[in-house]
Amino acid sequence: ETQKAAGHRELQLFCQELARTTNPLDFFTRRVDLEKYINYLAASALIQNWDGYNKNHFIVQDTGGSKKWFVLPWDLDRTFGDYWDWSFNKADLPVLLGTRQSPGITGWNRMADRFFSEPILRVRFFSRLEELLEKEFTTEKLFPLLDRLEADIGPEAGLDRRRWPSQTADLHSGVVQVKHYIERRRSYLLNEVSRVRRNSPTP
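Scope of this entry: the structure provided in the associated data block. (Residues numbered from 1 in each chain as written. Predicted model: local features only at pLDDT ≥ 70, side-chain atom pairs only at ≥ 80, totals over all residues. Heavy atoms only, no water.)

## Topic: the overall build of the protein
Scanning the protein from terminus to terminus reveals seven helices and two strands. Ordered by position from the N terminus, the helices and strands of the protein form the series α-α-α-β-β-α-α-α-α. Principal-axis analysis of the C-alpha atoms gives the protein an extent of 55 × 50 × 30 Å. Pairs at least 24 residues apart make up 69% of the contacts formed inside the protein by residues separated by at least 6 positions. With an accessible surface of roughly 12200 Å², the protein has 54% of that area assigned to carbon and sulfur atoms. (Helix = DSSP H or I, 4+ residues; strand = E, 2+ residues; numbered from the N terminus. Contact = heavy atoms within 4.5 Å. Areas by Shrake-Rupley, 256 points an atom, 1.4 Å probe, with all protein chains shown as cover.)

Below is the structure:
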């Protein structure tokens, strides 16, 4: 997107090495910004971003610094309970959704699949996800934030609804729905991470 005149050689080499490596731990340590990538995977699991495995993300290389690669998401509308059957109350999609073992409706992601094939990297992901579930993805931290956002944009949302009447839920109902998703997703992930950890190969 930003280096159109430079060609795709570096990206091609990265993809080829990803496909051929027999040592995923070495590959990801050398070639990927692991902290950023693990945060991306964990955040995707928290918000249940099922539409970002084979599309709706950029893979970026830090050409001016580490030369390592990381992933940036975009088009995040299919999140927070949205589901591919157009319902909006789903909070139990698998924590490893998007791998070959657990593909979603849009398929699976080869980079994530190779990452999760390595027990040491799986442990790092689960540890980060558990940390976020304990400290960040909590009702105590997120509900006040949602309340402030609702208060800030509530008057404008009311004007918008009067300008374009609709039978769909209003802003407050939407905020309540997001809160409900957070509660259910957090509960599901806490149980799921524990279960998957027990059934995963040890490093």
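## Considerations on the environment of Leu 145
Mapped onto the secondary structure, Leu 145 falls in helix α6 (residues 139-163). Linking Leu 145 and Asp 85, residues 60 residues apart in sequence, is a C-alpha distance of 29 Å.

## A few points about the packing of aromatic side chains
What the rule picks out here adds up to 14 aromatic pairs. Taking the centre distance of 6.2 Å and the plane angle of 20° together, the rings of Tyr 37 and Tyr 40 count as stacked. With a gap of three residues between them, Tyr 37 and Tyr 40 both fall in helix α3 (residues 34-47), about one helical turn apart. We classify Tyr 37 as buried; its relative accessible area is 1%. With a relative accessible area of 12%, Tyr 40 lands in the buried category. Between the aromatic rings of Phe 80 and Tyr 181, the centroid separation amounts to 5.6 Å while the plane-to-plane angle is 75°, which identifies the pairing as edge-to-face. Placement of the pair is Phe 80 in the loop between β2 (69-73) and α4 (110-116) and Tyr 181 in helix α7 (residues 171-199), with a sequence separation of 101 residues. Connected via pairs of aromatic rings, a cluster forms that spans Phe 14, Phe 27, Phe 28, Tyr 37, Tyr 40, Trp 69, Phe 115, Phe 116, Phe 125 and Phe 126. Taking the ring centre of Trp 108 as reference, the NZ or CZ of Arg 110 above it sits at 4.5 Å. The ring of Phe 143 carries the charged tip of Lys 179 above its face, separated from the ring centre by 5.2 Å. (Phe/Tyr/Trp six-rings, centres within 6.5 Å; stacked < 30°, edge-to-face > 60°. Buried < 20%, exposed > 50% of the residue type's maximum accessible area, 1.4 Å probe, protein only. Lys NZ or Arg CZ within 6 Å of the ring centre and 35° of its normal.)

## Details of the pattern of salt bridges
If you walk through the whole model with that rule in mind, you get 13 salt bridges. For Arg 31, the salt bridge goes to Glu 17, with nearest N and O atoms at 3.0 Å. Here Glu 17 lies in helix α1 (residues 9-20) and Arg 31 lies in helix α2 (residues 24-31), a separation of 14 residues in the sequence. For the salt bridge of Lys 135 with Glu 131, the shortest nitrogen-to-oxygen distance reads 3.7 Å. Taken as a pair, Lys 135 and Glu 131 lie in helix α5 (residues 119-135) at a separation of four residues, close to a single helical turn. Note on Glu 131: relative accessible area 32%, which makes it partly exposed. Through salt bridges that share partners, Glu 17, Asp 26, Arg 30 and Arg 31 make up one connected network. (Salt bridge = Lys/Arg side-chain N within 4 Å of Asp/Glu carboxyl O.)

## Considerations on the packing of α3 against α5
Across the interface, α3 lies against α5 with an axial gap of 9 Å and an inter-helix angle of 55°. With respect to α5, the axis of α3 lies oblique. For α3 against α5, the interelement crossing comes out right-handed. Facing α3, whose interface residues are Leu 34, Ile 38, Asn 39, Leu 41, Ala 42, Ala 45 and Leu 46, α5 presents Leu 121, Arg 124, Phe 125, Arg 128, Leu 129, Leu 132 and Leu 133. When its residues are assigned to classes, the contact of α3 with α5 shows 11 nonpolar, one polar and two charged. (Axes fitted to C-alpha atoms, helices over the stretch in contact; angles between N-to-C directions. Parallel < 35°, antiparallel > 145°, perpendicular 65-115°, else oblique. Left-handed = near helix turned anticlockwise from the far one by under 90°. Nonpolar A, V, L, I, M, F, W, Y, C, P; charged D, E, K, R; others polar.)

Interpretation in functional terms is not warranted from these geometric data alone.
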